[in-house]
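Listed here are the chains, written in short residue letters.
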Amino acid sequence: MKKRILITGGAGFIGSHVVRLFVTKYPDYEIVNLDALTYAGNLENLTDVATAPNYKFVKIDITDEKAINELFATTQFDGVIHLAAESHVDRSIKDPLAFIRTNIIGTVNLLNAAKEQWSGNYEGKRFYHISTDEVYGSLGEEGMFVETTPYDPRSPYSSSKASSDMLVRAYHHTYGMPVVISNCSNNYGANQFPEKLIPLSINNIKNNRPIPIYGKGENIRDWLWVNDHARAIDVIYHKAANGETYNIGGINEWKNIDLIHKLCEIMDKKLGREPGSSAKLITYVTDRAGHDLRYAIDSSKLKRELGWEPSLQFAEGLEKTVDWYLANEKWLENVTSGEYQNYYQRQYGK
Ligand code: NAD
Ligand code: TYD
């Protein structure tokens, strides 16, 4: 019997890379991509695998309990890799409820449906929940998040992800569900929706628009190439013990303003502009409410126990990312038309 795996949020940024990896690496698995196709979900991310014989797409909203239950009543799954989520901190500040519905209630709908289908027979089954380092809160200048760092989420987004992590653990402890969780740092790479720092800045530089830097630009993030996250998910899905948690990170901390200067240099070179011209677009804007200062993740447990480490240096990854956005103008045009204009207006006011 072929293994069948449900990947939720597969039309989004990280999910599309995970779907592609699983569809191409495991021809013996049937991959079902479940996605509601919100503003962040885009089937154009998956045109190269859309007709693969081991791939199927279903359009379902995970907040729709009935639709989720119907899917699980009619289709047997060996595993669930759950990425579907509302994922943008700024949006969570404006509309927390959307995050509660999808990230918390949607996750519980999936847990309940899997529990019902597997009904205590957990042999060969796995529910893998994809989470974020933001659940650990904000660091000062020293230290790193480890798997045992107490949760201290501070935005509606990170609080909703922290809640879902705890519910997933509760299903393990209470019902014996075979779960694993990973908490990853900031991802970058192809197909990221241009509301997040790197693709938003690439798009604005390309169009000679201001690059909005929140506060003084001194906040620090740890950046990981999205394909390396997908590789980590593959390793954890196949090798982790039930009930385990792994941190995933890039060992790659950057102050926002330094990162943007690096990006400006690359963009000047790629666009044949005078050195220093993109950096002139840097514009300091009002800080994000409750802006976490620093994230840094210690992923040594994942390296030690399962042998994963990042494959790509940041300079190379950033250049590949810029190349992808410049080569995929149509993609960028499609996702920045319509509703994006309204979002941009609401968030940045111009
Ligand atoms: P994304 O916003 O690009 O994609 C989310 C996907 O989920 C979209 O395809 C969207 O259509 C789908 N979705 C949203 N609500 C849904 C619903 N109610 N029902 C079904 N589908 C729905 O997000 P991403 O950046 O690819 O993040 C994927 C996962 O990884 C999330 O769980 C996020 O918390 C986590 N994560 C992201 C990062 C990052 O840097 N982007 C880092 C660590 C963890
Ligand atoms: P973002 O990409 O939204 O990821 P997260 O908030 O999940 O870390 O933001 C990354 C960092 O960049 C964060 O410190 C906020 C900052 N930022 C800006 O300075 N300007 C922007 O326009 C955006 C979107 C983010």
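Coordinates for the structure precede this section.
Residues numbered from 1 in each chain as written. Chains lettered and ligands numbered in written order. Predicted model: local features only at pLDDT ≥ 70, side-chain atom pairs only at ≥ 80, totals over all residues. Heavy atoms only, no water.

Caption draft 1: Representation of helix H6 (residues 197–206). Taking burial as the measure, the 10 residues of H6 include 8 buried ones, the bulk of the element. Listed in full, the buried residues belonging to H6 are Ile198, Pro199, Leu200, Ser201, Ile202, Asn203, Asn204 and Ile205. Of the residues flanking the end of H6, it is asparagine 208, one or two places downstream, whose phi is positive at about 55 degrees. (Buried < 20%, exposed > 50% of the residue type's maximum accessible area, 1.4 Å probe, protein only. Helix = DSSP H or I, 4+ residues; strand = E, 2+ residues; numbered from the N terminus.)

Caption draft 2: Molecular detail of the site of ligand 1. Neighbouring ligand 1 are 28 residues; Ile14, Asp35, Ser87, Tyr157 and Lys161 lie closest to it. Contact distances for ligand 1 include 3.1 Å between an oxygen atom and a backbone N or O atom of phenylalanine 13. Within the backbone of isoleucine 14, a nitrogen or oxygen atom sits 2.8 Å from an oxygen atom of ligand 1. For ligand 1, the protein covers 96% of the area, taking 830 Å² as the surface of the free molecule. Taken together, the elements giving at least two residues each to the shell around ligand 1 come down to helix H1 (13–25), strand S5 (126–132), helix H5 (156–175) and strand S7 (186–188). In terms of residue count, the dominant contributor to the shell around ligand 1 is S5 (3 residues). Class assignment of the residues belonging to the shell around ligand 1 gives a composition of 14 nonpolar, 11 polar and 3 charged. (Near = heavy atom within 4 Å. Polar contact = N/O pair within 3.5 Å; in protein donor to acceptor, adjacent residues only side chain to side chain. Areas by Shrake-Rupley, 256 points an atom, 1.4 Å probe, with all protein chains shown as cover. Nonpolar A, V, L, I, M, F, W, Y, C, P; charged D, E, K, R; others polar.)

Caption draft 3: Representation of the sheet that holds strand S10 (residues 245–248) within the structure. Taken in spatial order, the 7 strands line up as S3-S2-S1-S4-S5-S6-S10 in an open sheet, and their pairing is parallel. Two strands in the sheet have a free side with no partner beyond their single neighbour: strand S3 (55–59) and S10. Between one strand axis and the next, the sheet turns through 20 degrees on average, direction left out of account. Pairing between S5 and strand S6 (residues 179–184): 6 bridges, direction parallel. Residue serine 131 lies in a different strand from S6, and its bridge partner there is asparagine 183. Lying on the sheet, H1 is in contact with strand S1 (3–8), strand S2 (29–35), S3 and strand S4 (79–82); it crosses S2 at an angle near 165 degrees. (Pairing = 2+ DSSP bridges. Axes fitted to C-alpha atoms, helices over the stretch in contact; angles between N-to-C directions. Contact = heavy atoms within 4.5 Å.)

Caption draft 4: Geometry of the side chain of aspartate 90. Examined against the element boundaries, aspartate 90 turns out to sit in helix H3 (residues 89–94). Judged by relative accessible area, aspartate 90 falls into the buried class, the value being 4%. Engagement of the side chain of aspartate 90 in a polar contact is seen with the side chain of tyrosine 214, the distance being 2.7 Å. Separated by 2.7 Å, the side chains of aspartate 90 and arginine 288 make a polar contact.

Caption draft 5: Main features of the nonpolar core. Residues Ile7, Phe22, Ile81, Tyr128, Ile236 and Ile248 are the most contacted members of the largest nonpolar core, which totals 35 residues. Breaking this core down by element, the ones donating at least two residues are S1, H1, S2, S5, S6, helix H7 (226–239), S10 and helix H9 (300–306). In terms of residue count, H7 provides more of this core than any other element does, 7 residues in total. Ignoring sequence-local partners within four residues, the contact set of phenylalanine 22 consists of Ile5, Ile7, Tyr29, Ile31, Ile81, Asp234, Tyr237 and His238. (Core = buried A, V, L, I, M, F, W, Y, C linked by side-chain atoms within 4.5 Å.)

Caption draft 6: Layout of the pairing of S2. Counting buried positions along S2 gives 6 out of 7 residues, so the element sits mostly inside the fold. For the crossover from S1 across H1 to S2, the handedness is right-handed. With 5 bridges joining them, S2 and S3 adopt parallel strand pairing. Paired with isoleucine 31 across the bridge in S3 is tyrosine 55. (Right-handed = clockwise from strand over helix to strand, strands pointing away.)

Caption draft 7: Spotlight on the site of ligand 2. Of all residues adjacent to ligand 2, which total 18 residues, the nearest are Glu134, Arg221, Arg288, His291 and Tyr348. Contact distances for ligand 2 include 2.8 Å between a nitrogen atom and a backbone N or O atom of proline 212. Arginine 221 has a polar side-chain atom sitting 2.7 Å from an oxygen atom of ligand 2. The fraction of the free accessible surface of ligand 2 (510 Å²) that becomes covered by protein chains is 98%. Counting residues per element, the ones that place at least two in the shell around ligand 2 are H6 and strand S8 (211–214). Looking at the shell around ligand 2, the element that brings in the most residues is S8, giving 3 residues. Grouping the amino acids of the shell around ligand 2 by side-chain chemistry returns 8 nonpolar, 5 polar and 5 charged.

Take it as geometry only, folks, not as evidence of what the structure does.
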